[in-house]
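This is what each chain is made of:
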Amino acid sequence: MRVLPMRFSTYLFALIGLLVLPMGIYAQKDTVYVTGGLQHESLFPTISTPKPDWAKISHLSNTYLDLGVRYEHNSDNKAGFQGVEVMLRGELTKWPLQGYDPDFAGYGLSHLHVALPFKWGRVTVGDVYGQFGSGFVLRLYEDRPLGIDNALRGGKIEFTPYKGIYATVIGGKQRRYWNCYTDGAGGWNYTQDATIGGNLELGIHEWSQTMQDAGANLTIGASYVSKYQQKDSLGKVQETVTFVDSLGTHIFNYFYNVPAWVGAADIRAQFQMKGWNALIEYAYKANDPVAYPKPQHPYYYNYKHGEALLLSLSYSQKGMSVILQAKRSENMLFLSDRNILRSQSNACGRLNHLPPFANQHTYALASLYPYGTEKMGNEWAFQGEIRYTWRRGTPMGGKYGTTLKLNASHIRGLSDERIKSDKASWWGIGKETRYTDVNLELNKKINKQWYLGAMLMYQGYNKKLIEEEGDMIHAGIAVVEAKYALNNNIQMRAEVQYLYTPHDLGQWFFALYEISLWKQLMLSAQYQYNIGYGNVEPEDRHFYTVAATWQHKAHRLMAGYTKTREGYNCSGGVCRLVPKQEGVNITYNFSW
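How each quantity is defined
- Residues numbered from 1 in each chain as written.
- Predicted model: local features only at pLDDT ≥ 70, side-chain atom pairs only at ≥ 80, totals over all residues.
- Heavy atoms only, no water.
- Helix = DSSP H or I, 4+ residues; strand = E, 2+ residues; numbered from the N terminus.
- Buried < 20%, exposed > 50% of the residue type's maximum accessible area, 1.4 Å probe, protein only.
- Areas by Shrake-Rupley, 256 points an atom, 1.4 Å probe, with all protein chains shown as cover.
- Patch = residues over 30% accessible without salt bridge, like charges linked within 9 Å, V, L, I, M, F, W, Y side chains within 5 Å.
- Salt bridge = Lys/Arg side-chain N within 4 Å of Asp/Glu carboxyl O.
- Lys, Arg positive; Asp, Glu negative; His and termini not counted.
- Charge placed at Lys NZ, Arg CZ, Asp CG, Glu CD.
- Pairing = 2+ DSSP bridges.
- Core = buried A, V, L, I, M, F, W, Y, C linked by side-chain atoms within 4.5 Å.

**Student:** What am I meant to see in the overall build of the chain here?
**Tutor:** Regarding its fold elements, the chain presents four helices and 32 strands. Out of the 592 residues in the chain, the part that is buried amounts to 46%. Here the chain displays about 29,200 Å² of accessible surface, and carbon together with sulfur accounts for 60% of that area.

**Student:** Can you help me understand a positive patch on the surface in this one?
**Tutor:** A contiguous patch of positive charge on the surface is contributed by R392, K399, K445 and K448. Secondary-structure assignment places R392 in the loop between strand 20 (379-390) and strand 21 (402-414).

**Student:** Help me understand a nonpolar patch on the surface, please; the structure alone is not making it clear to me.
**Tutor:** There is a patch of nonpolar side chains on the surface, built from I386, L406, V438, L440, L456 and Y458 and spanning about 490 Å² of accessible area. Of all the secondary-structure elements, those providing two or more residues to the nonpolar patch are strand 22 (429-445) and strand 23 (450-462). Note that I386 resides in strand 20.

**Student:** Hey, could you run me through the pairing of strand 4 (residues 106-118) in this one?
**Tutor:** Consecutive residues of a regular strand have side chains that alternate between opposite faces of the sheet. Judged by how many residues are buried, strand 4 sits mostly within the fold: ten of 13 residues are covered. Pairing geometry for strand 3 (residues 83-93) and strand 4, over nine bridges, is antiparallel. Opposite L92, over in strand 4, you have Y107 as the bridge partner. Where strand 4 and strand 5 (residues 121-128) come together, six bridges link them in antiparallel fashion. Each residue of the ladder has a partner; that of P117, found in strand 5, is R122. Linking two consecutive strands that pair antiparallel, namely strand 4 and strand 5, is a turn of two residues.

**Student:** How do you make sense of the nonpolar core when you look at a structure like this?
**Tutor:** The tendency in soluble globular proteins is for nonpolar side chains to be buried as a group. Core analysis: the biggest nonpolar cluster contains 43 residues, and V137, L138, I170, Y435, L499 and W508 have the highest contact counts within it. Residue assignment for this core shows that the elements contributing at least two residues are strand 16 (261-273), strand 17 (276-285), strand 18 (306-317), strand 23, strand 24 (472-485) and strand 26 (507-517). Per element, the largest residue contribution to this core is four residues, and it comes from strand 24. In this structure, L43, L60, Y64 and F104 belong to the second largest nonpolar core, which totals seven residues.

Structural data, given as structure tokens:
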């Protein structure tokens, strides 16, 4: 079992006791709130389901217990003190669900923080999250389906020294699952790396009455983040790398002097006025050689600096919206430990985030080939979308209106010359397409009972570049969705999807049916079938799920039997490969 160091845990719980004690004293005139939640998901796999090496039992599960106490002090005081917030989370992931990194397995107290809100800001001690700008230099967050929790154990101060000035200072040691450290405890290592950063945002419009009268908002922001890795006795950080020739007969050792401190900065400006919204953001990361999984790759211990540029322009009015975006990023992988990429997943040790410029689809077949941001952040990405709603009473709008949305994404890598040398053109775009997505959606409410939706989509997925195997996949996808409300107590929804491609996995058919009874019970069934013409074994052509979900107040229980295909679970450009599995699945959620 991996737990927090005894001395550290004792100090934290003593601090909580001292802070929570005043709640009982002032509870008569102030307010105390107790919140929490329990989330449990488990799988009882069949014998035929492949199990990872570390799974020694037949029951796999992820369980999270959150507990919070918030005391609100309502009276005025000179210090501006407004209360105390204590939050903690326990996790039991000793045998996690399939697809999670082996180092994700563990149990214990994973999150604990104490926050003091004041009129001028907020002080948090313990495990903290945060994001600066679009996340180019820092994004600390939790995403349980992906197995991400990259919090910093340290502290955060948020304050507003003057109207229109918003500042944040953050620092600490990053969590990396339960076992990423060989000499750490509970996902933390208190002797190695550290991360510090600051963010400043200026609300220019708050100082200008002219801008306020015109309804204009202008915000300028800047961020800086630096991470530290321990030096050796000579005051340098040295990495020893071993290369073996193709015959396996000669071994070469190379010593790399790499920086102990690596900084990254971000500047941005956003302007909004009368439906217009424009954003420009630029980030720079100092050179930080990374141990790429393949030593022969040009990214391996590359001493180039990193850059990211984002441009976004949008316009919206009643019934219509348009958005155009472009992003260029180069060598922007930012890890708290530069060596962790060699053996761990892309979620462990990551400090920043590169937002994907690809539509995040929820339909099953539309997400059969999802796009995840290139590992090192070397890509050009473009996205555009136009949405139009015909007004009610028009021939196209009918009684309830009709919405049509066209979305397109196109992503390429950098040119080979640019990857190898900074002297090559900064504007160089790779010759091969990484990903293309063009989709057209139609949503129509016919009457109070019927709703119809449809989507047509073209997808180009370069499996060779994204998964480092295979070829370019061209796919066409069609979706039809219908909802029917018999009355307030009985509602139904059905989907039919079809994917055609002569490449890779061939043609697929998908059907789903759901019925909701009295807003408490939902019965669902879905079936996915590989029609053929692809590289699919006969036993991997049929997949299905049947489930029942019961919800009452704060309780939600789902039980079902599922057989799912291998695929990627993606969110925000970060993906997790989930192997095929079959068995009984149970989830339970409760919040108070």
